[in-house]
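Chain and residue survey
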Amino acid sequence: MKKIYGYRIYHLKCLSLQKICNQMNILNFILQYADELSCRKKFKDFRDKQGVICPKCGHKEHYWKKDKECYECKQCGKRRSLQANTVMHGSQLPFRYWFIAIHLLTSIKKSFSASEIQRQLGRKYYEPVWAMVHKLRQVMRIRDEKYTLSGIHELDEGFFSTETEDDEKIYP
Ligand SMILES: [Zn+2]
């Protein structure tokens, strides 16, 4: 029983990007995610809390290769980027753009179009921004259907972790 309790608390500690973004206004957001480095660091914290699982051997312990900004499996040596198997998989856009897009899409009670987000980010090309917004909307749709956005998860589970509605009811 105690273990289950601890597990739930652990999940609660894994506050989601969305929850964090929701709790802050634009000024706090800018302060907390002032630059690319702080966004990367925050994203890595999320992944570390969530736990990284090697796609090759299933091992759960990894070295963090700071110079290459990637994880290396302690068992088989397979490396993977910070974005691998997350909603950012394969994206060339900076982390901060993702954070800003999530903030815009989840914190502001207005429906932002991809072209408006492109304008806000000052990006020349529409396609990468559209792809980002499209992926985030997919994740948000999964959330609406089944999950709550809470923490970052492997992409095959929808990227964001899957805290259940029951957890929320017990710990609102
Ligand atoms: Zn491995």
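Please refer to the structure placed before this passage.
Residues numbered from 1 in each chain as written. Predicted model: local features only at pLDDT ≥ 70, side-chain atom pairs only at ≥ 80, totals over all residues.

**A word on the overall build of the protein chain**
- Across its full length, the protein chain carries eight helices and five strands.
- For the protein chain, the α and β elements follow one another from N to C terminus as α-α-α-α-β-β-β-α-α-α-β-β-α.
- In the protein chain, which comprises 172 residues, the proportion classed as buried is 27%.
- The contacts of the protein chain with a sequence gap of at least 6 include a subset with a gap of at least 24, amounting to 48%. (Helix = DSSP H or I, 4+ residues; strand = E, 2+ residues; numbered from the N terminus. Buried ≥ 20, exposed ≤ 12 C-beta atoms within 10 Å, placed from the backbone. Contact = placed C-beta atoms within 7 Å.)

**Structural notes on helix α5 (residues 95-107)**
- Taking 1.5 Å of rise per residue, 13 residues should cover 18 Å, and α5 covers 18 Å from first to last C-alpha, within 8% of that figure.
- Within α5, burial applies to Phe95, Tyr97, Trp98, Phe99, Ile100, Ala101, Ile102, His103 and Leu104. (Expected span 1.5 Å × (residues − 1).)

**Considering unusual backbone geometry**
- For Glu69, which is not glycine, the phi dihedral falls at a positive 55 degrees.
- Along the chain, Glu69 falls in the loop between β1 (62-65) and β2 (70-73).
- The exposure class of Glu69 is exposed, given the 12 C-beta atoms found within 10 Å.

**Considering the pairing of β1**
- Of the pairings in the sheet, the one linking β1 to β2 comprises four bridges and is antiparallel in character. Directly across from His62, in β2, lies its bridge partner Cys73.
- Counting the residues between successive antiparallel strands, the hairpin from β1 to β2 contains four residues, one of them, Glu69, with a positive phi of roughly 55 degrees. (Pairing = 2+ DSSP bridges.)

**Section: the sheet that holds β2**
- Spatially, three strands are ordered β1-β2-β3 in an open sheet, and the strand pairing comes out antiparallel. Of all strands in the sheet, those with a lone pairing partner are β1 and β3 (79-81), marking the two edges. Here the average twist between neighbouring strands, direction ignored, is 30 degrees. (Axes fitted to C-alpha atoms, helices over the stretch in contact; angles between N-to-C directions.)

Honestly, it's all geometry; don't read function into it.
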